[in-house]
Each structure stands twice: as structure tokens, then as C-alpha cells.
Amino acid sequence: MRNSQLEEIRLVGDVIIPGDKSISHRAIMFGSLANGTTRITNFLLGEDCLSTIACFRKLGVHIDVLEEEVIVHGKGIEELKEPNAVLDVGNSGTTARLMMGILSGLPFHSVLIGDASIGKRPMKRVTKPLKQMGASIDGREDATYTPISIRGGSLKSISYHSPVSSAQVKSSILLAGLFADGTTIVSEPEKSRDHTERMLKAFGCELDVNGNTVSINGNQRLTATDVIVPGDISSAAFFLVAGSIIPNSEILLKNVGVNPTRIGILTVLERMGANITLEDEKMVNGEPIANIRVKSSKLKATVIGGAEIPTCIDELPILALAASMADGETIIKDAEELRVKETDRIQTVVTELSNLGVSIEATKDGMIIQGNSSLKGANVKSHGDHRMGMMLSIASLLADGETEIEDTNCIAVSFPNFKEQLNDLIK
Ligand code: S3P
């Protein structure tokens, strides 16, 4: 992508944000466990969610992917069958970890594999509690890395305090808890996204949420229900930051999910002085959505840490770019989880923003970013990480001179038409 600050571009217009990745995965999974037909609209046809569909097809679930909707023909848990091939989760950590919870409760053998990035991501955070529940699980380095093989079956409930605040860990144990005898209880240090809890209720399950603790009774059955997937606030984040830092911009992002466990990007940007307004707020399927309008404004530095981190974990790379344009020094802390995402996002963000001329330093659990940077065009890499690819695409609009981004194909993992949507806004 080419640009120069001197060309004085601005971003103006409306963007249709694609469906939420977390919610799309769960709609396929819960629809596959349920009895009946689940129709999903605004499903994210990104590569990660297509991996989830492929896995459930191998378990014998009939799923139609149509232009307007995805239809899951659920026949209930009892009809899921032993796969005769490995289950490939591609680049998707959510597919890997949530599937492990489900497969632990099913009375057959299965093997999960993924791409090179998945092969480096820690799975012991789920395999350890799932083994405690009675599943037989093995894999490299004591079931820490894929390939992971699972022989599921009768599970017993556990009470588990997760050392990390992770919706993937919480959801994996809750899903296994659906198959277990007794009540499974999961707690975590800070509250992570709660789409599993909300959607399980929509599918007719009973569970109890008390602060950062969730309890679920075993041997429950899911009943199919239709799902309308809200726009993904993690995808909207790139436009929220771009609209804030590129002068004279105004963007309207339509039907975006504004679940309180996901809106750290809004609270952080507002604290930095962003001009963001929510319009037409409503509830859809137990999830709040809104249109979000952003107008450019001068940002100031902030500190991001503590309980706020799980609410904006995927948005920290683009927030680092926002910080590089703000007045003052921004500190991101308590975010060591960034090191085990699709890439080590502390390292990749620091390396690539440094390449563009930002003064930024890695710490053990975050980064320190100096504001008011002048970005200079350079050759940069996404490292195969979709969120890095999108962050660098926005950065290239601010850089003086030409920026070449190596490997932007990975953006299709979560936002297949990102480039077109961005180009349409450029005035
Ligand atoms: C997700 C949870 C988060 C997030 C990921 C999607 C989910 O991961 O980073 O992109 O759908 O549950 P952790 O739960 O591991 O923090």
C-alpha cells in the first residue's frame, strides 16, 4: 500500500463490519450439538470460522454455507460420530481449544492439528483441566502442543480456577462440563468475553454467572435456535483507530457488537480523547449491538492494564498504533497473553512499528510507546498474523513514502474484504 502524509487523505463513509468471529464459531459449535436447525445470519465467512465448519462436518454434521446464511442441521450430541480423518483447525485457537472441550465429552477418538502458528500455541491450559475431568489426551510435550489426540468419554465435574483470564479456557471447560456428571465451576482472575455463557442460554442451557465465576450443570441438551451475528468490534477497531488518527475523517460502523466484555477499545480510545458516539443501541439474541460513529480528533497518551486487558486483548496492536500518534507516552501492561496469540504480538508489534519509525519498547508484559511519531514508509511483515496485517495497512496510510507489507493474505482469517472496505473510505 502506498501513501504519503503530504497527499492528505481522509476516510469518509459507512463500513459494513463482518460478523463477529467468536460468536460465529460458537454458533456453528452449539448448532452442531443441538437438536434441530440453526440458521445463522451475518456469519463470518473468514478462514478461522470455515475451519470450525470443516471440523464439524468431519464429525458428521450437515452444514449448508449459502450466500445469505449458514444452516446447521443439528441432530444432537448422540449423533456425532468418530471422525475418520484428522480435524484441522488451521490458524484458529478458538476452534482448537473449544473443540478440545467438546471432544473430551464424546465417546470416541479424534486428532486435532493446525498450522505452524497453532503448533506453537499453548494447549496445556485446556488439556490439563480436561484431563482432570477424565478425558484421555496426549500430544507433544505432555499435551502442550498440537497434534493433540483425544479419547473422550464419561467426564466428572471439576471446580477450576484458571490462572489466565481466557474465554477459550473458560469455554472449553464449560463445554466439557455439559457432558459431565455434577456441576462444573470455572473462575478466572479477570472477566473474559462471555459469548459462550450468553449463547448457551439462547440454546436453552442453564448456567449460573457470579462475577468471574461460572457454574454449569452436566447432562444438559441444547435446542436449536437462530442466530444473528453482530459485527465484530475487533474488526471495527481498525476503523475506529484509523478514523480517530487520520485528520478530517468521519466513519459510521454499522451493527457492531458492544458486549461489555469486548468494549475496551471504546473505553481506551475515549480516555485518549477520541470522538466516538454510539447510535441505535439494541439487543439481538442476548448480545448488545450499536452503530458506532467516529470522527477524527487529537489523542493523548494513556495507561492500559489490569481488568481492561481481556476486554481489548485483540485490539492492542491497533491501539499501539493509536498511541504512536497521541501526545505523550503510552504504557500497555499486564498483557503477557499477547505473547501467545497468532504471533508473539509484543515482539511483532514492536519490531514492525519500529521499522516504520515509531519509538517503541517491549516490556515483559506489554510495551511503552512514544507518541507524536512521524511514520516513514518501509518494508514490513505481517508475520502471517491477520491483526498485524490490518494494523500495518492503517499505519501505511500515515507513513511518508511507500510501505510494502509482506503477506496480507492472512487478513482473510477474520476480515476477508478489509482492503476493499478501506479503499472505499479513502477520499
Ligand atoms: C477468543 C478469545 C480470546 C481472543 C480470541 C478469541 C474467543 O482468546 O484473543 O481472538 O473466541 O473465545 P483468549 O480467550 O485465549 O484470551
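Our subject is the structure listed above.
Everything in this summary refers to the structure shown in the same document. Values in this document were obtained by computation on a predicted structure and should not be read as measured data.

### Some words on the packing of helix α8 (residues 233-245) against helix α10 (residues 316-325)
Logical step 1: Running from N to C, α8 and α10 point in directions that differ by 5°, and their axes come no closer than 9 Å. Judged on the interaxial angle alone, α10 and α8 are roughly parallel. From α8, Ala 237, Phe 238, Val 241 and Ile 245 reach across to α10, where they touch Ile 318, Leu 321, Ala 322 and Met 325.
Logical step 2: When its residues are assigned to classes, the contact of α8 with α10 shows 8 nonpolar, no polar and no charged.

### Re α10
Logical step 1: Across the 10 residues that make up α10, a large majority, 10, are buried.
Logical step 2: Taken residue by residue, α10 has Leu 316, Pro 317, Ile 318, Leu 319, Ala 320, Leu 321, Ala 322, Ala 323, Ser 324 and Met 325 as its buried positions.

### Remarks on the side chain of Glu 342
Logical step 1: Structurally, Glu 342 can be placed in the loop between β21 (329-332) and α11 (345-355).
Logical step 2: Note on Glu 342: relative accessible area 12%, which makes it buried.
Logical step 3: A distance of 3.0 Å separates a polar atom in the side chain of Glu 342 from a polar atom in the side chain of Arg 345.
Logical step 4: Polar contacts involving the side chain of Glu 342 include one to the side chain of His 386, which spans 2.9 Å.
Logical step 5: The residues touching Glu 342, leaving out its near neighbours within four places in the chain, are Asn 91, Ser 117, Arg 121, Asp 385 and His 386.

### Digging into the sheet that holds strand β15 (residues 213-217)
Logical step 1: Taken in spatial order, the 4 strands of this open sheet run β11-β13-β15-β14, and their pairing is mixed. Looking along the sheet, the strands with just one partner apiece sit at the ends: β11 (159-161) and β14 (207-210). The average angle at which neighbouring strand axes cross in this sheet is 10°, direction not considered.
Logical step 2: Sheet topology note: the strand β13 (residues 183-187)/β15 ladder contains 5 bridges and is antiparallel. By the bridge assignment for β15, Val 186 is matched with Val 214.

### Some points on the site of the ligand
Logical step 1: All residues adjacent to the ligand are Lys 21, Ser 22, Arg 26, Thr 94, Ser 166, Ala 167, Gln 168, Arg 193, Ile 313, Asp 314 and Lys 341.
Logical step 2: At 2.7 Å from an oxygen atom of the ligand is found a side-chain nitrogen or oxygen belonging to Ser 22.
Logical step 3: Within the complex, the protein chains bury 95% of what would otherwise be the 390 Å² of accessible surface of the ligand.
Logical step 4: Among the elements that make up the shell around the ligand, the one with the highest residue count is helix α1 (residues 21-33) (3 residues).
Logical step 5: Class assignment for the residues of the shell around the ligand results in 2 nonpolar, 4 polar and 5 charged.

### Section: the sheet that holds β21
Hydrogen bonds between backbone groups are what pair the strands of a sheet, and the pairing can be parallel or antiparallel.
Logical step 1: An order of β20-β21-β23-β22 is seen for the 4 strands of this open sheet, with the pairing classed as mixed. Each having just a single partner strand, β20 (303-304) and β22 (360-363) make up the two edges of the open sheet.
Logical step 2: Pairing of β21 with strand β23 (residues 366-370), which is carried by 4 bridges, proceeds in the antiparallel orientation. When the sheet's bridge partners are listed, Thr 330 is paired in β23 with Ile 369.
Logical step 3: Packed onto the sheet, α10 meets β20, β21 and β23 and runs at close to 25° relative to β23.

Reading the values: rules and limits
Residues numbered from 1 in each chain as written. Predicted model: local features only at pLDDT ≥ 70, side-chain atom pairs only at ≥ 80, totals over all residues. Heavy atoms only, no water. Axes fitted to C-alpha atoms, helices over the stretch in contact; angles between N-to-C directions. Helix = DSSP H or I, 4+ residues; strand = E, 2+ residues; numbered from the N terminus. Parallel < 35°, antiparallel > 145°, perpendicular 65-115°, else oblique. Contact = heavy atoms within 4.5 Å. Nonpolar A, V, L, I, M, F, W, Y, C, P; charged D, E, K, R; others polar. Buried < 20%, exposed > 50% of the residue type's maximum accessible area, 1.4 Å probe, protein only. Polar contact = N/O pair within 3.5 Å; in protein donor to acceptor, adjacent residues only side chain to side chain. Pairing = 2+ DSSP bridges. Near = heavy atom within 4 Å. Areas by Shrake-Rupley, 256 points an atom, 1.4 Å probe, with all protein chains shown as cover.

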